[in-house]
Amino acid sequence: MSKAGRYGEFGGQYIPETLMNAVHELDEFYKKCKVDSTFNEELRELFEEYSGRPSLLYYAKKMTEDLGGAKIYLKREDLNHTGSHKINNVLGQVLIAKKMGKKRVIAETGAGQHGVATATAAALMGLECEVFMGEEDTIRQALNVFRMELLGAKVTPVKTGTRTLKDAVNAAMQDWAKSVEDTFYCLGSVMGPHPYPMIVRDLQSVIGKEVKAQMIKKEGKLPDVLVACVGGGSNAMGLFYDFIEDKEVELIGVEAAGEGVETDKHAATISKGEVGIFHGMKSYFVQSEGGSIAPVYSISAGLDYPGIGPEHAYLHDSKRARYVPATDREAVMAFEYLSRTEGIIPAIESSHAVAYAMKIAPKMSKDKIIVINLSGRGDKDVASIARYKGVEINE
Amino acid sequence: MSKLQKAFEKAKEKGRKAFIPFVTAGDPHIEDTERFVYALDKAGSDVIEIGIPFSDPIADGPVIQRANIRALDNGVTIDKVFDMVAKIRKTTDVPLVFLLYANTIYYYGIQKFFERCQETEVDGVILPDLPFEEKEEFGIYAKDCGVDIISLVAPTSKERIRDIAKEAGGFLYCVSSMGVTGTRDAIQTDLKAMFEYIDEYCKIPKALGFGIANKEQAKALKDYADGIIVGSAIVKIIEEYGKEAEEPLVRFAEEMIGELA
């Protein structure tokens, strides 16, 4: 990082003046938390006693044997409380919100995983919670809407634009501009204005730290390849971060290619996007003529976002990480494959990472190791996969 | 003194505050926007703000969001807006300010954008998502081309106002309310406290905007600043009357200007 909030040329704080004092305040407060032993102890306790960390690093023996190449491990973030890696970030941010004396937290959500996690942490820590969710996603992920409401959160469907994650972020930022004095914006990915990409990455970096320790214990060496799906990029950043200096470890982010990068129905930001400025950051975005933000598409509501976190943009430009696309079809195949082979139903987001690993594993030798970040569980996706396959089920 | 600052001086000489209306370029069509600018100019507007449509105008409320969508659906591009301004410049030298989001300029090319502003005599730009900290990247080109980047201060800015005001060009855009643009029944901010800061540090004209919708509000608020900015209330008129909005726009502008004396 060359200067505060920048990863190479990416990052920054491109937000309305109304919010500038709030992000500076958060930056200052977070710096103190980061070195505060009480904060760190409370967070550790939440991780271990509430969300069930460390998560397992599971050797997928059947999958490995079936593919006949590299040894495959799954980092089981799907086993966390609330069913995905999102809880790691949220427990930290809501704890910060509480310590800052905020009364209310707001969040955007795509698939609903971040919304559910935020609603959960807000319930636990006694804060009011409102989640903004694109109307389209409230339909795709209706169960998660009810889940958030069960947890005491208010879910506000966003009816502007493409009615998906991008618009949910717009709505959350607009609410925050109005409510910033008593409200904390709990951002769900390594994106947005500084300090969010840094805070979310730090909180998610527990994933990579655990993988490193677990791998050394199990195999006595570092893995060769790390694979994670990328929308905004928080689970990937969390997995990659502790390995950035270990140059021999290959880092691969898998983007949602929807119906294919050659079509206009995809969400493959690095493959098809251009550098731009949006949602508080300079990064890669899928854009249309004139620099408007283009509508994107993926079967996965969690990857259906036209941008990517600025640190990923930097890892891409500096060639430290590689970003590749996986289509809806490939992801659904991987979803079914992992369910049948290992008895683990992965989130459709994580299935993109599984799909790419399935492509490369057979070509690698048996002494190589791939770690796939299984960022979430697939229960939430069962109905939409059934719809995709044309199976009629009574939800 | 920049042309924008002279516009405030001229209003002052007339014994009133400046009136700054806002229209979205291409709403409903770019030819209509051109006519609306002439109408607002004739009605006595001191500076006219032209919004360049963007898919995700995060600082704008529902009224201006809808105008952005209408304009984009009609295929408005920044080049078409520059062409319109070039035409307008044959008729009037009323100061013009663009309101647009950072990505629109970034995508177009920062240098090329400000050069075209200079060519077509666009006097300033307002970038609601470009705070003080990020200004330099755009500011160096703007300065070379003699275009003012208008800085904004908000009710939450507090001690930031000093640094912002010190480097502000053209006029200082004082955001009256929290949240996004849009008409409001009442302005909740403690403007007196906010302007104590502003008045201490700001040496250029001050314009108050966000939520000012009618002559009662204009009358009540005008004393804080050197001018008032009206956006959503005007865009609402255009939304209602479409192509036929000229007359109601003139009526509205004249009424508002009447209150600013």
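Refer to the preceding data block for the structure.
Owing to the predicted nature of the structure, the values given are computational and were not obtained by experimental measurement.

Attention now moves to the overall build of chain B. Tallying secondary structure elements over chain B gives 12 helices and nine strands in all. Taking 18 Å as the expected radius of gyration for a compact globule of 261 residues, we find that chain B reaches 17 Å, a close match to that expectation. Along the longest, intermediate and shortest principal axes, the C-alpha atoms of chain B span 45 × 40 × 35 Å. Across the 261 residues that make up chain B, the buried fraction comes to 64%.

Before going further, it helps to spend a moment on the overall build of chain A. For chain A, the helix and strand inventory stands at 16 helices and 14 strands. Computed over C-alpha atoms, the radius of gyration of chain A comes to 19 Å, within 12% of the 21 Å expected from 2.2 N^0.38 for 395 residues, which places it in the range of a compact globule. Taken along the three principal axes of its C-alpha coordinates, chain A extends 55 × 45 × 40 Å. Within chain A, the proportion of its 395 residues that are buried is 67%.

Residues and elements named next belong to chain A. Of all the six residues making up strand β5 (residues 104–109), six are buried; the element is thus mostly covered by neighbouring parts of the structure. Side chains Arg104, Ile106 and Glu108 of β5 all project onto a buried face; the interleaved residues Val105, Ala107 and Thr109 project onto the opposite face, where all are buried too. Relative to strand β6 (residues 128–134), β5 runs parallel, the two sharing six bridges. If you follow Ala107 over to β6, its bridge partner there is Val131. Running through helix α5 (residues 113–125), the crossover from β5 to the neighbouring parallel element β6 is right-handed. Where β5 and strand β8 (residues 183–185) come together, three bridges link them in parallel fashion.

Our focus in this paragraph is the sheet that holds β5 of chain A. All names here are of chain A. Taken together, four strands build an open sheet; the order of strands is β7-β6-β5-β8 and the sheet is parallel. In this open sheet, the two strands that pair with only one neighbour each are β7 (154–158) and β8. Across this sheet, the average inter-strand angle for adjacent strands is 25°, counted without regard to direction. In the packing of α5 onto the sheet, the strands contacted are β5 and β6, and the crossing angle to β5 comes to about 165°.

Glancing now at the interface of chain B and chain A. Residue-level contacts link 34 residues of chain B with 35 residues of chain A. With both chains or domains summed, chain B and chain A bury close to 2800 Å², and 50% of this area falls on carbon and sulfur atoms. It is Asp56, Ile58 and Tyr107 of chain B that lose the most area in chain B upon contact with chain A, and together they represent 23% of the buried surface on that side. Across the contact surface, chain B and chain A share four salt bridges. Note that Lys282 of chain A is salt-bridged to Glu137 of chain B, the shortest N-O span being 2.4 Å. Here chain B is connected to chain A by 22 residue pairs in polar contact (both at pLDDT 80 or more). Contributing elements (two or more residues each) for the side of chain B that touches chain A: α3 (62–73), α5 (102–108), α7 (136–144), β6 (152–153) and α8 (160–167) of chain B.

One pass over the structure, following the stated rule, counts 17 aromatic pairs over all chains. Counting every residue linked through ring pairs, the aromatic cluster contains Phe82, Phe98, Tyr108, Phe113 and Phe114 of chain B. Directly above the aromatic system of Tyr59 of chain A lies the positively charged group of Lys71 of chain A, at a separation of 5.0 Å from the ring centroid. Lying across the ring of Tyr297 of chain A, Lys265 of chain A places its NZ or CZ 4.7 Å from the centre.

Judged by how many residues are buried, helix α9 (residues 196–204) of chain A sits mostly within the fold: nine of nine residues are covered. Every buried residue of α9 of chain A is listed here: Tyr196, Pro197, Met198, Ile199, Val200, Arg201, Asp202, Leu203 and Gln204 of chain A.

Residues and elements named next belong to chain A. Within the secondary structure layout, Gly378 lies in the loop between β14 (369–374) and α16 (382–388). Take Gly378: its relative accessible area is 0%, and that puts it in the buried class. For Gly378, the residues in contact, after removing those within four places along its chain, are Phe335, Ile345, Pro346 and Ala347.

Attention shifts here to the state of the cysteines. All names here are of chain A. Tallying each qualifying case throughout the model produces zero disulfides over all chains. Looking at the unpaired Cys33, the closest cysteine sulfur is the one in Cys186, lying at 14 Å. The exposure class assigned to Cys33 is buried, which follows from its relative accessible area of 5%. The cysteine Cys129 is free of any disulfide, with Cys186 supplying the nearest cysteine sulfur at 8.1 Å. Of the residues examined, Cys129 reaches a relative accessible area of 7% and is grouped as buried.

Cut-offs applied
Residues numbered from 1 in each chain as written. Chains lettered and ligands numbered in written order. Predicted model: local features only at pLDDT ≥ 70, side-chain atom pairs only at ≥ 80, totals over all residues. Heavy atoms only, no water. Helix = DSSP H or I, 4+ residues; strand = E, 2+ residues; numbered from the N terminus. Rg over C-alpha atoms; globule rule 2.2 N^0.38 Å. Buried < 20%, exposed > 50% of the residue type's maximum accessible area, 1.4 Å probe, protein only. Pairing = 2+ DSSP bridges. Right-handed = clockwise from strand over helix to strand, strands pointing away. Axes fitted to C-alpha atoms, helices over the stretch in contact; angles between N-to-C directions. Contact = heavy atoms within 4.5 Å. Buried area = accessible area lost by both parts, 1.4 Å probe. Salt bridge = Lys/Arg side-chain N within 4 Å of Asp/Glu carboxyl O. Polar contact = N/O pair within 3.5 Å; in protein donor to acceptor, adjacent residues only side chain to side chain. Phe/Tyr/Trp six-rings, centres within 6.5 Å; stacked < 30°, edge-to-face > 60°. Lys NZ or Arg CZ within 6 Å of the ring centre and 35° of its normal. Disulfide = S-S within 2.5 Å.

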